[in-house]
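Here's the letter readout for the chains.
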Amino acid sequence: MHWSSILWALFQILIFPGLLFLVALALAAEFVDRKLYARLQNRLGPPWFQPLADLIKLLAKQEVVPDLADKFMFVVTPMFALTAAVTASFYIPIWSHQALCSFPGDVIVVLYLLTIPTITFFLGGWYSRSVYSMIGAARSIMQLFAYEIPLFLAILAPALLAGTWSLSGMSLFYAHRPLLSLLNLLGLAIALVALLGKLERVPFDAPEAETEIVAGSFTEYSGRLLALFRLAIDVEMVVGASLLAAVFLPFGMDFGPVAGFGLYLAKILAVISMLSLMRTLFARLRLDQMINFCWQIAAPLAFVQLMADLVAKGTIARGVMIP
Amino acid sequence: MKRPGRMFHEVMRSMFRKAATVRYPFVKVQMPARFRGRLKFDASKCIGCKLCMKDCPSGAITIQKVGDKRFEAVFDFARCMYCAQCVDTCPKKALEATGEFELAQLDRGKLIVTFKNDCPVAAAAAAPAGTATATATAPEPKSDAHE
Amino acid sequence: MGKNPEPRGVRVAIGPQHPALKEPESFSVLLAGEKILESGVRLGYNHRGIEKACEERTYVQDLYLIERICGICSHSHSTAFISAVEEIAGLEIPRRAKYLRMLIGELERVHSHLLWLGVAGHEVGFDTLLMYTWRDREVVMDLLAALTGNRVNYGVNTMGGVRRDVSEDQKKQVLTAVDILEERTKYYIGVATQETTLIQRLSGVGKLNHEDAIHLGAVGPTARASSVKRDVRKDDPYLAYDEIPFNVVTSDHNDIYGRAVVRCLELMESYNMIRFIIANMPEGPIAVKAPRKVPAGEAISRYEAPRGEDVHYVRANGSEKPERVKVRAPTLANVQVVSHMLKDGYLADLPIVVAAIDPCFSCTDRMIAVAGDMAAINMGGTAFPGCADAGSKARATWEQVRQHGIEFYRRRGVDFARLNETFTAGGR
């Protein structure tokens, strides 16, 4: 029992649906994003293997740790970023209602695990001791406080309606009441926008605005460490898309693993396409504009979503509406 | 009137249009007829007036006398700025600008080209690159001193 | 306390090497958080010695060298230079040559302004606008290549006229291209004036009010966006600009949004001008025979480049080579406005504020050595006040140099103090 189960667990963590699968998916997601971005701009875009080629190139390059940087923190933060993003994926149901691991309250854990990469961007940038990195780090953390509230509200509202703090439980709840998930469409829109902030993409890419602060937190990073950071962002994109798919689009998980997996891919493709489209359409917002937007528009709308879910819960409890 | 996502329609239309990108090294680009590319020299028309040498802004042309009323030209395409002033200057139309623009070379010597009897011979092939450069640049200070 | 305390903040160097800058130039800003407390500009990273090199080449050779001062307004510099030379030589170029020079000039303005729109988009992270404007800019670039033989360094000017004529087919080609570009420009005007995120980044940023624009000597679209109606094509028409109907576009937004609007509307003006030029192109030769040697004399020529007023000064001494060539590129006039516009702005706005003057730093860099013996630069025979007694180690302050310049010209009958007043009063 021991050995076989440990081996099976290791296989799940490292290969499928763990690290290796996620990395492959992340690279595919980066390709889709870049290709779509290019096509939307009437360009040709990269070939399918470009993200992999970039990764290999970066892995092969020399990494330079600045003299002034805190060596330990500088090296450790990219690993933390990747680990956190991969770990978060274990709690998200992918092709069935049951995630790899699941316990009541895992939705909170996933949201916090997805916060860790941003914290590592801050720490990595701050300990680089370069002025651009430090400005980028400060911007990262300020932006975190702006988008995190709408994101949490938007994701917790459906959980409130489902009456469970477990993603697997939520998935099961909405799969049996598909009409109720239509109620959460506003939440989906807010979560998409907040995800843009989390991934630090246009229009919320002030923390790594190329024309202002070179590459923000990542200015001093090179070689393998930069590759890890970039991979972490890609994995975060996939995990974020999976989270949104599990919470807001919980359809078709009862058709068996193959169809379920195909549908899952279609769902995250849709989410990633939306992210690419938004990055095509907008100019970069200044940090103050971004924070104003999140607090004045996104957060109140997320509250509206929360209220809607609370009202729906009340009516269901009284037996008025049982889909 | 402000509209977020003003470019939405344009952007979506692009998805179904051919990309504007030209796949350059795989698809050759045709230069317009007037393009001022690599120069061509017709040694049979040259009368050796050396006006092109005098007018060349970057000193890329050397006309050498090789026999009775016979001249040959050495072009340094690394120095040439492709203004084609020499083409306009030449009274006998011995010079011509072609549409050729793919001139990048790893070896500088290959950019120094000697035109003999209408057929260009790369200096590097005809003689060691060093001597070719020397012949191309040596006459310059002399002609300056004359003026 | 005594001395003023050093303002507290972080000093950030933008440049000489920085992704926001397409050419090396150094901007140093003192930040408090995201806010800019102080800023400084340092020029001089791109000095190429072009003016000196011009003195060692013949006029024909200089033409191609001058053209390479700028990669975008190459025709502006070459026309400004050759106009000055032709004035000294007393050459009257044929009318058709004038029209051809204007045609290329306006096409150049079109490609320069489209380029600017894309760069502005890129600086505020709106790369989609960059990709689309630059895609459409290819239309005018290809057209210029077909007309002149090169996409950038047209090499179309020669002493006494132009080198390339425009055939009937090419006229049609120009008109078709202009129709396409006009339609596209209308679309970009729509984007620039309606896209919310873009307006948020441009509107109210890089403020420059009317008075400051005049006092700091801004030129071109930068000045016109502060409702300074200043355009050499109207104020001091060169070539045949007095024969062409067009409006000087101004805006009273006083910010980057205004500058974007001015440039977009100038594009529309340029399209109409190009149509007029094509329709009214006079027949005749395209060049007159020009002498190799230019008689002694001097001339100043002004040209409205896409970025603003471009001034060339040429002094000839009767030989084949000029004795002195002086170039004042429009960016030099505008670059001091940048520091003013950055004040109390945000770091995030720095790239777009710098880009809004459409800078061309390598055109700008010239060398002025004001050091050592004052007698060396004491052109008019008067000593600098306060410098005469300081011995050979004295240096003139900027104010002294300015006063000296005003005095120097007053003795020659030009009163800049009065000229300034008339500009301030009648400029609007």
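Refer to the preceding data block for the structure.
Q: Help me understand the overall build of chain B, please; the structure alone is not making it clear to me.
A: When helices and strands are tallied, chain B shows six helices and six strands. Reading the helices (α) and strands (β) of chain B from amino to carboxyl end gives α-β-α-β-β-α-β-β-β-α-α-α. For chain B, with 147 residues in total, the buried portion stands at 38%. For chain B, the share of sequence-separated contacts (at least 6 apart) that also reach a separation of at least 24 residues comes to 64%. In the form shown here, chain B has an accessible surface area of approximately 8,900 Å², with 58% of it arising from carbon and sulfur atoms.

Q: Before we go on, may I ask you to explain the interface of chain B and chain A in this structure?
A: Each side of the interface is counted separately: chain B has 14 residues, and chain A has ten residues. Of the roughly 1,100 Å² buried at the junction of chain B and chain A (both faces included), carbon and sulfur atoms supply 67%. Across the chain B-chain A interface, the total number found is six residue pairs in polar contact (both at pLDDT 80 or more). Looking at the side of chain B that touches chain A residue by residue, the classes come out as eight nonpolar, three polar and three charged.

Q: Any chance you could explain the interface of chain C and chain B here in plain terms?
A: Each partner contributes to the interface: chain C provides 35 residues, whereas chain B provides 27 residues. Across the chain C/chain B interface, buried area totals approximately 2,700 Å², and carbon plus sulfur atoms make up 46% of it. Counting across the chain C and chain B interface gives five salt bridges. Taken together, chain C and chain B are joined by 19 residue pairs in polar contact (both at pLDDT 80 or more). Of all elements in the fold, only helix 2 (59–67), helix 5 (127–148), helix 6 (168–194) and helix 7 (196–202) of chain C reach the threshold of two or more residues within the side of chain C that touches chain B.

Q: How do you make sense of the layout of surface pockets when you look at a structure like this?
A: To find leftover empty space, one rolls a probe the size of a water molecule over the atoms. All names here are of chain A. Taken as a whole, the second largest pocket holds about 970 Å³ of empty space. Along the walls of the second largest pocket sit 30 residues, with Glu 200, Arg 201, Glu 208, Arg 230 and Arg 279 positioned nearest its centre. Counting residues per element, the ones that place at least two in the lining of the second largest pocket are helix 2 (19–40), helix 3 (50–60) and helix 11 (223–248). Its residues assigned to classes, the lining of the second largest pocket comprises twelve nonpolar, three polar and 15 charged.

Q: Teacher, can you tell me more about the sheet that holds strand 8 (residues 322–328) of chain C here?
A: Residue and element names in this part refer to chain C. Strand order in the open sheet formed by three strands is 6-7-8, with antiparallel pairing between adjacent strands. Both outer strands of the open sheet, strand 6 (297–305) and strand 8, are each paired with one neighbouring strand and no more. The sheet shows a mean angle of 15 degrees between the axes of neighbouring strands, direction not considered. Bridging between strand 6 and strand 7 (residues 308–316) involves nine bridges; their strand directions are antiparallel. Counterpart to Glu 304 in the pairing with strand 7 is Glu 309.

Q: How should I be thinking about the pattern of salt bridges in this particular structure?
A: Pairing of side chains with opposite charge becomes possible as their charged atoms draw close. Residue and element names in this part refer to chain A. This structure, assessed with the given rule, holds 54 salt bridges over all chains. Here Asp 33 ties to Arg 279 by a salt bridge, and the two come within 3.0 Å at their closest N and O atoms. In this pair, Asp 33 sits in helix 2 while Arg 279 sits in helix 12 (residues 256–281), placing the two residues 246 residues apart along the sequence. Here Asp 33 and Arg 279 have matching classes, each one buried.

Q: What should I look at first to understand the state of the cysteines in this one?
A: Here a disulfide denotes a covalent bond joining the sulfur atom of one cysteine to the sulfur atom of another. Here the structure, examined in full by the defined rule, presents one disulfide over all chains. Paired by a disulfide, Cys 360 of chain C and Cys 363 of chain C hold their sulfur atoms 2.1 Å apart. Across the disulfide from Cys 360 of chain C to Cys 363 of chain C, rotation about the S-S bond amounts to roughly 50 degrees, and the bridge is consequently right-handed. Accessibility assignment for this pair places Cys 360 of chain C and Cys 363 of chain C in one class, buried. Of all cysteine sulfurs in the structure, the one in Cys 49 of chain B sits closest to Cys 52 of chain B, which takes part in no disulfide; the separation is 6.2 Å.

Q: Just to check I follow, could you spell out the side chain of Thr 120 of chain A for this structure?
A: Mapped onto the secondary structure, Thr 120 of chain A falls in helix 5 (residues 106–128). If we ignore the near neighbours within four places in the chain, the residues touching Thr 120 of chain A are Thr 77, Phe 80, Ala 81, Gly 125 and Phe 229 of chain A.

Q: Got a minute to help me understand the packing of helix 3 (residues 74–89) of chain C against helix 4 (residues 95–123) of chain C in this structure?
A: Residues and elements named next belong to chain C. Here helix 3 crosses helix 4 at 150 degrees, and the two axes come no closer than 9 Å. Between helix 3 and helix 4, the interaxial angle falls into the category roughly antiparallel. Relative to helix 4, the crossing made by helix 3 is left-handed. Contact with helix 3, carried on its side by Ser 74, His 75, Ser 76, Thr 79, Ile 82, Ser 83 and Glu 86, involves Arg 101, Ile 104, Gly 105 and Glu 108 of helix 4 and no other residues of that element. In terms of residue class, the contact of helix 3 with helix 4 is made up of two nonpolar, six polar and three charged.

Q: Even after reading the chapter, I still don't get the sheet that holds strand 2 (residues 26–32) of chain C, so can you show me in this structure?
A: Sheets are built from strands that pair by backbone hydrogen bonding, the pairs being arranged parallel or antiparallel. All names here are of chain C. Within the open sheet, the three strands sit side by side as 1-2-3. Their pairing is antiparallel. Pairing within the sheet leaves two strands with one partner each, and these edge strands are strand 1 (10–14) and strand 3 (35–42). When the angles between neighbouring strand axes are averaged without regard to direction, this sheet yields 20 degrees. Relative to strand 3, strand 2 runs antiparallel, the two sharing seven bridges.

Q: Looking at this structure, how should I read empty space enclosed by the protein?
A: Residues and elements named next belong to chain B. For the structure shown, the criterion picks out five cavities of 30 Å³ or more. The space that makes up the largest cavity amounts to roughly 90 Å³. Taken together, 15 residues make up the lining of the largest cavity; nearest its centre are Cys 46, Cys 49, Lys 50, Cys 52 and Cys 90. Classifying every residue of the lining of the largest cavity gives eleven nonpolar, one polar and three charged. Counted as a void, the second largest cavity has a volume near 70 Å³. Surrounding the second largest cavity, 13 residues form its lining, Cys 56, Cys 80, Cys 83, Ala 84 and Cys 86 being those nearest its centre. When grouped by side-chain class, the residues that make up the lining of the second largest cavity number eleven nonpolar, two polar and no charged.

About the criteria used
- Residues numbered from 1 in each chain as written.
- Chains lettered and ligands numbered in written order.
- Predicted model: local features only at pLDDT ≥ 70, side-chain atom pairs only at ≥ 80, totals over all residues.
- Heavy atoms only, no water.
- Helix = DSSP H or I, 4+ residues; strand = E, 2+ residues; numbered from the N terminus.
- Buried < 20%, exposed > 50% of the residue type's maximum accessible area, 1.4 Å probe, protein only.
- Contact = heavy atoms within 4.5 Å.
- Areas by Shrake-Rupley, 256 points an atom, 1.4 Å probe, with all protein chains shown as cover.
- Buried area = accessible area lost by both parts, 1.4 Å probe.
- Polar contact = N/O pair within 3.5 Å; in protein donor to acceptor, adjacent residues only side chain to side chain.
- Nonpolar A, V, L, I, M, F, W, Y, C, P; charged D, E, K, R; others polar.
- Salt bridge = Lys/Arg side-chain N within 4 Å of Asp/Glu carboxyl O.
- 1 Å grid on protein atoms, 1.4 Å probe; cavity = no way out; pocket = protein on both sides within 12 Å on 5 of 7 lines; lining within 4 Å.
- Points joined across faces, edges and corners; volume = space filled by probe spheres on them.
- Pairing = 2+ DSSP bridges.
- Axes fitted to C-alpha atoms, helices over the stretch in contact; angles between N-to-C directions.
- Disulfide = S-S within 2.5 Å.
- Parallel < 35°, antiparallel > 145°, perpendicular 65-115°, else oblique.
- Left-handed = near helix turned anticlockwise from the far one by under 90°.

These figures come from the coordinates and say nothing about function on their own.
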